[in-house]
Amino acid sequence: MALDWLLQRPRWALGLALVLETVVFVVGQGDFVASDPLWYADLAHRISVSPADVFGAPSNHPFEMRVGLTLPLALLYKLFGVSALVSDLPGLFAALGVLLVGYSAAPTPRAKLL
């Protein structure tokens, strides 16, 4: 019965999946341990405060060369402040993007539910 209702309204299923993914993401938040995410977060924070200090004397450190991750994170820090939740927003955006791509790639309403 519920499956038939969802088959007729696959966008509701997509909306439910997006909300569920966001809730699980926010509820399951943890703090950073000393690992790669902490280094990226620290570098992004330094970029958001003073980019000239980070890029003025460039080094070959891998974390400073991976600007595809650190620059968007620095922008998020500038917009929303520094927190563990904001640090994990790129991961949330990626997860929601995967759901949207999977939904749009499915050819039939039944496939959209899988």
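Quick caveat: nothing in here was measured; it's all calculated off a predicted structure. (Residues numbered from 1 in each chain as written. Predicted model: local features only at pLDDT ≥ 70, side-chain atom pairs only at ≥ 80, totals over all residues. Heavy atoms only, no water.)

Undergrad: Help me out: how do you make sense of the nonpolar core in this one?
TA: Across soluble globular proteins, nonpolar side chains have a tendency to be buried as a group. Among the nonpolar cores identified, the biggest contains 14 residues, and Ala44, Ile47, Tyr77, Val86, Leu89 and Leu92 are the most heavily contacted of them. Of all the elements in the fold, those that place two or more residues in this core are α3 (36-49), α6 (67-80) and α8 (89-105). Tyrosine 77 has contacts with Ala41, Ala44, His45, Ser48, Val82, Ser83, Val86 and Ser87, leaving out every residue within four places of it along the chain. (Core = buried A, V, L, I, M, F, W, Y, C linked by side-chain atoms within 4.5 Å. Buried < 20%, exposed > 50% of the residue type's maximum accessible area, 1.4 Å probe, protein only. Helix = DSSP H or I, 4+ residues; strand = E, 2+ residues; numbered from the N terminus. Contact = heavy atoms within 4.5 Å.)

Undergrad: I would appreciate a short explanation of the confidence of the model for the chain in the present structure.
TA: A low pLDDT score tells you not to read the predicted coordinates there in detail. The predicted model of the chain averages 80 in pLDDT, with 83% of residues at 70 or higher. Averaged pLDDT values for the elements of the chain fall to 64 in helix α5 (residues 62-65) and rise to 87 in α8. (pLDDT = per-residue confidence, 0-100.)

Undergrad: I keep staring at α6 and nothing clicks. Help me out?
TA: An α-helical turn contains 3.6 residues, so any two residues separated by three or four positions project in the same direction. The end-to-end C-alpha distance of α6 is 19 Å, a good match for the 20 Å that 14 residues give at a rise of 1.5 Å each. Those residues of α6 lying buried are Thr70, Leu73, Ala74, Leu76 and Tyr77. Buried residues of α6, seen end-on, are gathered within an arc of 165 degrees and therefore sit on one face of the element. Turned more than 90 degrees away from the buried face of α6 sit Gly68, Leu75, Lys78 and Leu79, all of them exposed. (Expected span 1.5 Å × (residues − 1). Arc of directions from axis to C-beta.)

Undergrad: What is the right way to look at the packing of α6 against α8 in this model?
TA: Packed helix pairs are characterised by how far apart their axes lie and by the angle those axes make with each other. Put simply, α6 and α8 touch, their axes get as near as 10 Å, and they point 110 degrees apart. Accordingly, the angle class assigned to the pair α6 and α8 is roughly perpendicular. Residue-level contacts link Leu73, Leu76 and Phe80 of α6 to Leu89, Pro90 and Phe93 of α8. Across the contact of α6 with α8, the residue classes tally to 6 nonpolar, no polar and no charged. (Axes fitted to C-alpha atoms, helices over the stretch in contact; angles between N-to-C directions. Parallel < 35°, antiparallel > 145°, perpendicular 65-115°, else oblique. Nonpolar A, V, L, I, M, F, W, Y, C, P; charged D, E, K, R; others polar.)

Undergrad: Before we go on, may I ask you to explain the packing of α3 against α6 in this structure?
TA: At a minimum axis separation of 8 Å, α3 and α6 run at an interaxial angle of 60 degrees. It follows from the interaxial angle that α3 and α6 lie oblique. For the pair α3 and α6, the sense of crossing is right-handed. In this structure, α3 contributes Tyr40, Ala41, Leu43, Ala44, His45, Ile47 and Ser48 to the contact, and α6 contributes Leu69, Thr70, Leu71, Leu73, Ala74, Tyr77 and Lys78. (Left-handed = near helix turned anticlockwise from the far one by under 90°.)

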